[in-house]
Amino acid sequence: MRTPFLLVNFKAYPEALGARAVALARICADVAEDTGRSLAVAPSALDLSMVAKSVRIPVFAQHLDPQETGKATGWIPPEAALAVGAVGTIVNHSERKVAWEEMRDLIRKCRDLGLEVVVCADDVAEAETAAKLGPDFIAIEPPELIGGNISVTTATPGVITRAGERIRATNPKVQVLCGAGVKSGRDVAKALELGTVGVLLASGVVKAKNPEKALRDLAKGLGAA
Ligand code: G3P
């Protein structure tokens, strides 16, 4: 991923399912093209293929399983995401936690397949543990702030800086993101000031009255193109 960037997680919000997922992804793609900033989207698993066919910005899965292909009914192995155009995946989001072993095995499989991995961490300790596994990015997201109106960059800036310090001390190759409650370009700019290379967000775009207007403001926070 070109950094700094915004990763818009569509979660399973009704505003971003099916045809609405494609429509919202196209708005993200238009804003990325217009502004020259780096934006990516993470639609629900069932919309991933359609979205990846519809836009030229990077598309991430929201979760994948470290399952082998073959007799794996209902599992979503990384190869399935790769086959429909995903460039990476989020894993261990606070709304979809996985066991440490699952995260370890998934990161290994994704690395072999050339898929980028964004690991979510609830706190500094979890971020430090995850850094040992060497994902591409770790997103520090305090669960209590997710979906709220107070940005993590305002409510708990110290958690972001401490997580960044512990992650870099553990594995300097891992890049840091943050998320939870991010709503404005000012929040994004503050996230970069606190040592991250971008933001993971959802409701500030998906639930916005005017998602395009919200995205243009958020993208400004990434600085010059
Ligand atoms: O994955 C992003 C997310 O958990 C943050 O959600 O709605 O607070 O931007 P939100």
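Rules used in this analysis
- Residues numbered from 1 in each chain as written.
- Predicted model: local features only at pLDDT ≥ 70, side-chain atom pairs only at ≥ 80, totals over all residues.
- Heavy atoms only, no water.
- Helix = DSSP H or I, 4+ residues; strand = E, 2+ residues; numbered from the N terminus.
- Near = heavy atom within 4 Å.
- Polar contact = N/O pair within 3.5 Å; in protein donor to acceptor, adjacent residues only side chain to side chain.
- Areas by Shrake-Rupley, 256 points an atom, 1.4 Å probe, with all protein chains shown as cover.
- Nonpolar A, V, L, I, M, F, W, Y, C, P; charged D, E, K, R; others polar.
- Pairing = 2+ DSSP bridges.

1. Some details on the environment of proline 172
Of note, proline 172 is situated in the loop between helix H7 (157-170) and strand E7 (175-179). For the pair proline 172 and alanine 131, spaced 41 residues apart in the sequence, the C-alpha separation amounts to 8.9 Å.

2. Side note on the site of the ligand
Around the ligand lies a shell formed by Asn9, Lys11, His93, Glu141, Ile146, Gly147, Ala180, Gly181, Leu200, Leu201, Ala202 and Ser203. At 2.7 Å, a side-chain N or O of histidine 93 approaches an oxygen atom of the ligand. Between the ligand and the protein, one listed contact pairs an oxygen atom with a backbone N or O atom of glycine 147 at 2.7 Å. Out of a free accessible area of 310 Å², the ligand has 100% covered by protein chains. Taken together, the residues of the shell around the ligand break down into five nonpolar, five polar and two charged.

3. Points about the environment of proline 157
Within the fold, proline 157 resides in helix H7. With 73 residues separating them in the primary sequence, proline 157 and valine 84 have C-alpha atoms 37 Å apart.

4. Observations regarding the sheet that holds strand E8 (residues 198-201)
Across the sheet, which stays open at both edges, the eight strands sit in the order E2-E1-E8-E7-E6-E5-E4-E3 with parallel pairing between neighbours. Two strands lie at the open edges of the sheet, namely strand E2 (38-42) and strand E3 (60-61), each paired on one side alone. Where strand E1 (residues 5-9) meets E8, four bridges bridge the pair, whose relative direction is parallel. Bridge pairing in E8 links leucine 7 to leucine 200.

Just geometry here; none of it tells us what the structure is for.
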